[in-house]
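Results of the structural survey
Below, each chain spelled out in residue letters.
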Amino acid sequence: ENLVGEREIAVDLEAHDFRSFQGFVCLLQLSTRRRDYIIDPIALKEKIHLLRPIFSDPLVLKIFHDARMDVKWLQRDFGIYVVNLFDTFVGAKELNLPNKGLSNLIFRYLNLHTTKKH
């Protein structure tokens with residue numbers, strides 16, 4: 001219910017496929033302009049369906065970076081379909097930017113250095 005009323009939500013998923021044919025989503029990260037959420041979809045599998053209305057709402061912009069696999073995983077693992085999606089990777093391709101990685105885009109447009117060190 002904390003996401004109700006949000007107009008933009010940044011989304012990222014992490015999946016695990018070691019010793020697994022299809023793999024499965026093991027982490028869901030959501031960010032709004034006010035809060036960040038880290039969701040364990042394995043522990044909360046019975047409640048993930050509560051996100052369906054947010055993801056299918058055309059008035060809420062969902063922002064991904066290279067969304068191809070994330071969208072497939074959301075549909076496959078949770079029956080969540082994404083409506084109104086912006087993909088920053090696709091945007092970078094359309095702009096013919098030389099470096100399309102998220103950290104490069106963040107540096108280019110926000111002048112912030114990011115790291116995945118921790």
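As the structure is a prediction and not an experimental result, all values here were calculated from the model.

Here the focus is the side chain of Glu6. Mapped onto the fold, Glu6 is located in the segment before strand 1 (8–16). The class for Glu6 is buried, based on a relative accessible area of 8%. Here the side chain of Glu6 touches Arg34 through a polar contact of 2.4 Å, side chain to side chain. Aside from chain neighbours lying at most four places away, what touches Glu6 is Thr32, Arg33, Arg34 and Val60.

Among the structural elements, Asp70 can be located in helix 2 (residues 68–78). Buried and unpaired, Asp70 has no salt bridge, with Arg68 as the nearest side chain of opposite charge at 9.3 Å. Discounting residues that sit within four places of it in the chain, Asp70 has contacts with Asp12, Leu13 and Phe64.

What follows deals with the environment of Val4. Residue placement: Val4 occurs in the segment before strand 1. Overall, Val4 belongs to the exposed group, its relative accessible area being 62%.

As a further point, take the sheet that holds strand 4 (residues 61–64). The mixed open sheet is built from five strands, whose spatial order is 3-2-1-4-5. With partners counted over all chains shown, the strands left at the sheet margins are strand 3 (36–39) and strand 5 (85–87), one partner each. Strand-to-strand twist in this sheet, taken as the mean axis angle between neighbours without regard to direction, amounts to 25 degrees. Along the sheet, helix 2 contacts strand 1, strand 2 (24–31), strand 4 and strand 5; its crossing angle with strand 2, the most-contacted strand, is approximately 115 degrees.

This part covers the environment of Lys47. For Lys47, the position within the fold is in the loop between strand 3 and helix 1 (52–56). Through-space distance from the C-alpha of Lys47 to that of Phe78 is 9.8 Å; in sequence the pair is 31 residues apart.

Further remarks concern the layout of surface pockets. There is about 1,300 Å³ of room inside the largest pocket. Around the largest pocket sit 37 residues that line it, and Ala10, Asp12, His65, Leu102 and Ile106 are the ones nearest its centre. Counting residues per element, the ones that place at least two in the lining of the largest pocket are strand 1, strand 2, strand 3, strand 4, helix 3 (88–94) and helix 4 (102–110). Residues belonging to the lining of the largest pocket are distributed by class as follows: 19 nonpolar, ten polar and eight charged.

Next up on the list: helix 2. Inspection of helix 2 places Asp70, Trp73, Leu74, Asp77 and Phe78 among the buried residues, and these make up the whole buried set. Summarising the axial view, the buried residues of helix 2 lie within an arc of 100 degrees, below the 170-degree limit, and thus occupy one face. Across from the buried face of helix 2, at angles greater than 90 degrees, the exposed residues are Arg68 and Lys72. Where helix 2 is buried, its residues meet strand 1, strand 2, helix 1 and strand 4.

Parameters at a glance
Residue numbering note: each chain is counted from 1, following its sequence as written. Totals for whole chains, interfaces and linings use every residue, but because this is a predicted model, local features are given only for residues with pLDDT of at least 70 and side-chain atom pairs only at 80 or more, for both listing and counting. Working from all heavy atoms in the structure, the side-chain values ignore hydrogens and water. Helix and strand labels come from DSSP, where a helix needs a run of H or I of at least four residues and a strand needs a run of E of at least two; each type is numbered from the N terminus. Burial classes follow relative accessibility: with a 1.4 Å probe on protein chains only, a residue under 20% of its type's maximum area counts as buried, one over 50% as exposed, and anything between as partly exposed. Identification of polar contacts relies on pairs of N or O atoms within 3.5 Å, with a donor-acceptor requirement for protein atoms, meaning one able to donate a hydrogen and the other able to accept it, and with residues adjacent in sequence counted only if both atoms are side-chain atoms. Throughout, a residue-residue contact means that at least one pair of heavy atoms, one from each residue, lies within 4.5 Å. Asp and Glu are treated as the negative residues and Lys and Arg as the positive ones, with His and the ends of the chain left uncounted. Any Lys or Arg side-chain nitrogen located within 4 Å of an Asp or Glu carboxyl oxygen qualifies as a salt bridge. Strand pairing is assigned whenever DSSP identifies at least 2 bridges connecting the two strands. Interaxial angle, 0 to 180 degrees, is taken between N-to-C directions of lines fitted to C-alpha atoms, where a helix line uses only the stretch in contact. The rule is simple: put a 1 Å grid over the protein atoms alone, call a set of points where a 1.4 Å probe fits but cannot get out a cavity, call an open set with protein on both sides within 12 Å along at least five of seven lines a pocket, and count a residue as lining if it has an atom within 4 Å of a point. Grid points are joined across faces, edges and corners, and a volume is the space filled by probe spheres set on the points. When residue character is reported, Ala, Val, Leu, Ile, Met, Phe, Trp, Tyr, Cys and Pro are called nonpolar, Asp, Glu, Lys and Arg charged, and the others, Gly included, polar. Note that the arc is defined by the directions from the helix axis to the C-beta atoms.

Note that all results are geometric; they support no functional claim without further evidence.
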